[in-house]
Amino acid sequence: MDGLCESSLTFFSDQRQCRADVLPPAEARARIEVAVLGFLRTLTSRDPAISHLPLINRTSSNSGVNHGLLTDVSWIFLSHSCCTRSLMRANATKAFIRVWKVMEMCYQILLQEKRLTQRELYYKLLCTSSEYFTSQLQVNKAIQDIVALLRCSRYSLGIMASSRGLVAGRLLLQEPNKETVDCCSCGSSGYPISGDLNLLEKLIMKTDARYIILVEKHAIFQRLVDDHVFNQIPSILITAKGYPDIATRFFLHRMSQNFPNLPILALVDWNPAGLAILCTFKFGSIGMGLEAFRYACNVKWLGLRGSDLELIPEESFIPFKPKDIGIAKSLMSSKLLQENYQGELALMTETGQRAEIEALYFHGYDYLGKYIAKKIVQVDYI
């Protein structure tokens, strides 16, 4: 699958596309060294100037959607348009310094052949550079800036993904030199998905499932596992407990490679956030646009859908909140939504109401499995 994605990036050659490379530690260190030397050369030249950092611009105006030519997978991409971090602008000064501080830490991690999560990196920086780092968000943005500057993946920089993801159902997993894990036997908590992408790459996977079911909410995931839905409907269940982390997206992508004939079906709330979560799994995100093609999957929307609203009691509908309106506007202005999705979103905004999966409990606590089975038989997921 990766080979097909690679070829559709170059074959038909949209030369505007830009991506982050996966590099061995020595090459990642070399890119950091080149960036540092370039900065020092500017400062020590005969006519020294304050340097700026040319970063790939991570905004919707610089993004597009690549519809795979040799696959049915589409993903967000970024063009080569740049923005800058500069010491000449007061509001960008600290962001400029944070890039170098985080890059220095990444270089040390690579030298020591270690890996850190973004959270661990934040606490390391809090101890050494607290005047520049007061929140996790600042570290996350600096990492994105470095990826956009060096054009290599965060994993290549020694940054390991933090994972919230869980998997359960008809899947056997085996790490190198370890015993096989049967994901049918992990209880309602499921089996935790590792944040080590290198480990996920090496996992041996076997299944007799016919579907992969992506579940937005942890509580719904637990209900389905407790009800052994994966035995009623031969399936693998996955949740990222809301907006997907990189590790869960990579794990799902690996499964789509290993089992290309299994449809991936998403069960999300009928609201803008549910649709945004589905789109993140399906296309990636603008913030990760340099790496999106490595994680995108052909996810289909199983439910909840507008056609299911008759199943929801009137008392269970929830009026839109300002956050819902904001997400809806963002989705509408993006280039992601296919016509069917636009229609669903238009219906949401027209009614000004949202419906959550739990509303189906009106029909009984065991109804979720029946609902999924019925939707799969209808084969109208999009």
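Residues numbered from 1 in each chain as written. Predicted model: local features only at pLDDT ≥ 70, side-chain atom pairs only at ≥ 80, totals over all residues. Heavy atoms only, no water.

1. What about the sheet that holds strand β9 (residues 181–182)?
Next up, step 1: Spatial ordering of the open sheet is given by β9-β8-β11, a layout of three strands whose pairing is antiparallel. The open sheet terminates on both sides in strands that have one partner only, identified here as β9 and β11 (204–206).
Next up, step 2: Bridging between strand β8 (residues 172–174) and β9 involves two bridges; their strand directions are antiparallel. When the sheet's bridge partners are listed, L173 is paired in β9 with V181. (Pairing = 2+ DSSP bridges. Helix = DSSP H or I, 4+ residues; strand = E, 2+ residues; numbered from the N terminus.)

2. Some points on the side chain of S256
Next up, step 1: Positionally, S256 belongs in helix α9 (residues 246–258).
Next up, step 2: When its relative accessible area of 10% is taken as the criterion, S256 is described as buried.
Next up, step 3: Polar contacts involving the side chain of S256 include one to the main-chain carbonyl oxygen of H253, which spans 2.6 Å. (Buried < 20%, exposed > 50% of the residue type's maximum accessible area, 1.4 Å probe, protein only. Polar contact = N/O pair within 3.5 Å; in protein donor to acceptor, adjacent residues only side chain to side chain.)

3. Looking at the packing of aromatic side chains
Next up, step 1: For the structure on display, the rule yields eight aromatic pairs.
Next up, step 2: Look at F96 and W100: their rings are 6.4 Å apart centre to centre, the planes differ by 65°, and that puts the pair in the edge-to-face class. Here F96 and its partner W100 are both found in helix α3 (residues 93–111), four residues apart, which amounts to about one turn of the helix. Accessibility classification places F96 together with W100 in one group, the buried group.
Next up, step 3: Their ring planes at 50° and their centres at 5.2 Å tell us that Y361 and Y365 sit as a pair that is tilted.
Next up, step 4: Through a chain of ring-to-ring contacts, three or more aromatic side chains come together here, namely F39, F96 and W100.
Next up, step 5: Here the guanidinium or amino end of R115 rests over the ring plane of Y155, the centre of that ring lying 3.7 Å away. (Phe/Tyr/Trp six-rings, centres within 6.5 Å; stacked < 30°, edge-to-face > 60°. Lys NZ or Arg CZ within 6 Å of the ring centre and 35° of its normal.)

4. What about the nonpolar core?
When a protein is soluble and globular, its nonpolar side chains tend to lie buried together.
Next up, step 1: Residues L171, I238, F251, L252 and M255 are the most contacted members of the largest nonpolar core, which totals 85 residues.
Next up, step 2: The element contributing the most residues to this core is helix α10 (residues 272–283), with eight residues.
Next up, step 3: Ignoring sequence-local partners within four residues, the contact set of L171 consists of V181, D182, C183, M205, K206, T207, I236, F251, M255 and F259.
Next up, step 4: By size, the runner-up hydrophobic cluster in this structure holds 38 residues, among which are L55, F96, V139 and I159. (Core = buried A, V, L, I, M, F, W, Y, C linked by side-chain atoms within 4.5 Å. Contact = heavy atoms within 4.5 Å.)

5. A look at the side chain of E344
Next up, step 1: Looking at the element boundaries, E344 is found in helix α12 (residues 339–351).
Next up, step 2: On the accessibility criterion, E344 (10% relative accessible area) is buried.
Next up, step 3: At a separation of 3.2 Å, a polar atom in the side chain of E344 contacts the side chain of R305.
Next up, step 4: With residues near it in sequence (within four places) discarded, E344 still touches W270, W301, R305 and G306.

6. With respect to α3
Next up, step 1: Under the 1.5 Å per step criterion, the end-to-end length of α3 is 28 Å for 19 residues, consistent within 8% with the ideal 27 Å.
Next up, step 2: Buried residues of α3: A95, F96, I97, R98, V99, W100, V102, M103, M105, C106, I109 and L110, and no others.
Next up, step 3: Looking one or two residues beyond α3, the residue adopting positive phi is E113, at roughly 55°. (Expected span 1.5 Å × (residues − 1).)

7. Quick notes on the pattern of salt bridges
Next up, step 1: Inspection of every chain in the model, using the stated rule, returns 13 salt bridges.
Next up, step 2: Residue K217 is joined to D269 by a salt bridge in which the shortest nitrogen-to-oxygen separation is 3.0 Å. Separated by 52 residues along the polypeptide, K217 in the loop between β12 (211–215) and α7 (218–226) and D269 in the loop between β14 (264–267) and α10 bring together distant segments of the chain. D269 shares its class with K217; the two are buried.
Next up, step 3: When the shortest N-O distance is used, the salt bridge between D324 and R354 registers 3.1 Å. Placement of D324 in helix α11 (residues 322–333) and of R354 in strand β17 (residues 353–354) is noted, with a sequence separation of 30 residues between them. Each member of the pair, D324 as well as R354, carries the same accessibility label: buried.
Next up, step 4: Linked by salt bridges that have partners in common, K217, D269, D324, R354, E356 and E358 make up one network. (Salt bridge = Lys/Arg side-chain N within 4 Å of Asp/Glu carboxyl O.)

8. What about the pairing of strand β13 (residues 235–239)?
Next up, step 1: In terms of burial, β13 is a largely internal element, five of the five residues being buried.
Next up, step 2: The alternating pattern of β13 places S235, L237 and T239 on one face and I236 and I238 on the opposite face, and all of these are buried.
Next up, step 3: With four bridges connecting them, strand β7 (residues 166–169) and β13 associate as antiparallel partners. Directly across from G169, in β13, lies its bridge partner I236.
Next up, step 4: With five bridges connecting them, β12 and β13 associate as parallel partners. Bridged to I212 within β13 is I236.

9. So, unusual backbone geometry
Next up, step 1: Along the chain, G303 connects to L304 via a cis peptide bond; the corresponding omega equals -15°.
Next up, step 2: Within the secondary structure, L304 is located in the loop between β15 (299–303) and β16 (318–319).
Next up, step 3: A positive phi angle is found at E113, which is not glycine, with a value near 55°.
Next up, step 4: With respect to the element layout, E113 can be found in the loop between α3 and β5 (116–117).
Next up, step 5: Accessibility expressed as a relative area gives 71% for E113, which makes it exposed.

10. Focus: the confidence of the model for the chain
Next up, step 1: Scored by pLDDT, the chain comes out at a mean of 86, with 92% of its residues at no less than 70.
Next up, step 2: When pLDDT is averaged over each helix and strand of the chain, the minimum, 42, is found for helix α1 (residues 2–10) and the maximum, 97, for β13. (pLDDT = per-residue confidence, 0-100.)

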